Amino acid sequence: MASRHYPIVAHRELWPRFRPNALRQRRHPLVAGRHEILVYQLGEEYLPGPLDPARAGRAVAATVVDIRRDVSIYTSDRVRSAEAGWEFPITVIFHCTVVDPVEVVRARHRRGLSDLRQSLRTALRPGRLDGRHRPEDLAGLRAALVARLEPQRPVPATPGVRVVVGEVEVRPCVAVDTVSPEA
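The residue count restarts for each chain, going from 1 along the sequence in the order it is written. Since the coordinates come from a predicted model, pLDDT governs what is reported: local features require at least 70, and pairs of side-chain atoms require 80 or more to be given and counted, while whole-chain, interface and lining totals use all residues. Each side-chain value is derived from all of the structure's non-hydrogen atoms; neither hydrogens nor water enter the calculation.

Focus on unusual backbone geometry
In this model, histidine 35 sits at a positive phi of 65 degrees, which is unusual for a non-glycine residue. Among the structural elements, histidine 35 can be located in the loop between α1 (22–27) and β2 (36–42). Think of it in three bands: residues with accessible area under 20% of the maximum for their type are buried, residues over 50% are exposed, and the middle band is partly exposed, with areas taken using a 1.4 Å probe on protein chains only. Its relative accessible area of 43% is what places histidine 35 among the partly exposed residues. One non-glycine residue with positive phi stands out, namely aspartate 70, at about 50 degrees. Note on conventions: DSSP H or I runs of at least 4 residues are helices, E runs of at least 2 residues are strands, and numbering of each starts at the N terminus. Assignment of secondary structure puts aspartate 70 in the loop between β4 (61–66) and β5 (71–80). Judged by its relative accessible area of 43%, aspartate 70 is partly exposed.

Some remarks on the nonpolar core
Here, nonpolar core means buried Ala, Val, Leu, Ile, Met, Phe, Trp, Tyr and Cys residues that are tied together by side-chain atoms lying within 4.5 Å of each other. Membership of the largest hydrophobic core comes to 31 residues, with the highest contact counts inside it found for Val65 and Cys96. Residue assignment for this core shows that the elements contributing at least two residues are β2, β5, β6 (86–98), α3 (101–111), α4 (116–124), α5 (138–149) and β7 (161–170). At six residues, β6 tops the list of elements feeding residues into this core. For cysteine 96, the contacting residues outside a window of four places in its chain are Tyr6, Arg68, Arg69, Asp70, Val71, Ile73, Leu116, Leu120, Val161, Arg162 and Val163. Residues Leu38, Leu42, Leu51 and Ala62 belong to the second largest nonpolar core, which totals 12 residues. Throughout, a contact is declared for two residues whenever any of their heavy atoms are within 4.5 Å.

Focus on the pattern of salt bridges
It is possible for side chains of opposite charge to pair when their charged atoms get near one another. Here, a salt bridge means any Lys or Arg side-chain nitrogen found within 4 Å of an Asp or Glu carboxyl oxygen. Counted according to the given criterion, the structure contains eight salt bridges. Aspartate 66 is the salt-bridge partner of arginine 68, the closest N and O atoms lying 2.6 Å from each other. On the accessibility criterion, arginine 68 (38% relative accessible area) is partly exposed. Residues arginine 78 and glutamate 87 are paired through a salt bridge, measuring 3.7 Å at the closest nitrogen-oxygen approach.

Describing the confidence of the model for the chain
Predictor confidence is given residue by residue as pLDDT, running from a minimum of 0 to a maximum of 100. Per-residue confidence for the chain gives a mean pLDDT of 77; residues scoring 70 or more make up 76%. Mean pLDDT per element in the chain: α1 is the minimum at 59, and β2 is the maximum at 91.

Let's talk about the environment of alanine 139
In this fold, alanine 139 is placed in helix α5. Sequence spacing of alanine 139 and arginine 171 is 32 residues, and the spatial spacing of their C-alpha atoms is 9.9 Å.

As for the environment of valine 165
Inspection of the secondary structure puts valine 165 in strand β7. It is 6.3 Å that separates the C-alpha atoms of valine 165 and histidine 95, two residues lying 70 residues apart in sequence.

A word on the sheet that holds β2
With antiparallel pairing, four strands are arranged side by side in an open sheet as β1-β4-β2-β3. At either end of the open sheet lies a strand with only one pairing partner, and these are β1 (8–13) and β3 (45–48). For this sheet, the mean inter-axis angle between neighbouring strands, taken without regard to orientation, is 20 degrees. Two strands pair when backbone bridges link them, and β2 and β4 are joined in this way by six bridges, in the antiparallel orientation. Each residue of the ladder has a partner; that of valine 39, found in β4, is threonine 63. Only strands joined by at least two bridges in the DSSP assignment are considered to pair. Each axis is a line fitted through C-alpha atoms, and for a helix only the stretch in contact is used; angles between axes span 0 to 180 degrees, taken between their N-to-C directions.

Some thoughts on the side chain of threonine 63
Relative to the helices and strands, threonine 63 is located in strand β4. The class for threonine 63 is buried, based on a relative accessible area of 1%. N or O atoms closer than or at 3.5 Å make up a polar contact, with two conditions inside protein: a donor-capable atom paired with an acceptor-capable one, and, for residues adjacent in sequence, both atoms drawn from side chains. Engagement of the side chain of threonine 63 in a polar contact is seen with the side chain of histidine 11, the distance being 2.7 Å.

Thoughts on α5
Residue pairs three or four apart in sequence face the same way in an α-helix, which turns once every 3.6 residues. Expected span of a helix: the number of residues minus one, times 1.5 Å. Spanning 12 residues, α5 covers 16 Å between terminal C-alpha atoms, matching the ideal 16 Å at 1.5 Å per step. Three or more residues of α5 are buried, namely Leu141, Ala144, Leu145 and Leu149. End-on, the buried residues of α5 take up no more than an arc of 120 degrees, which puts them together on one face. The exposed set on the far side of α5, more than 90 degrees from its buried face, consists of Ala139 and Ala147. The directions considered for the arc are those from the helix axis to the C-beta atoms.

Given below as structure tokens:
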């Protein structure tokens, strides 16, 4: 089962040898490419690969983790302006590096965390900034966002991944469609 979400590249539950799909899985195992690492799950234990064939044969799951440095993750959201019917579109670039692939896989299994972008979008939520800035106040909103996100400081989003805020972009206000449903 492949995933396009960073940092999990692919994950596969491995069937016991007597299952019908086990032979196909063992013939076509997950392979870690350049800048990737395999992490095997053996019961409650997680081990980074490569493993000897005997231990790899006892694995119940295998996960390929991307270990490239400073991978750019773009997230976007909208912040309400002080005037009703207007929003500021914002984009934040985060630079992510996996520092502990075993912890990344463990977090995926424990918390169901598989999408770092969604986790960062949650961390991005300006919350208290909504509705404080006028539509023409791009600089003020950008300064407030930068102060809130504290660029060049780690963001606690995912265990095993170091996340640093790169760039914050605030675009001019857009009108929000306030079309009322016609009955």
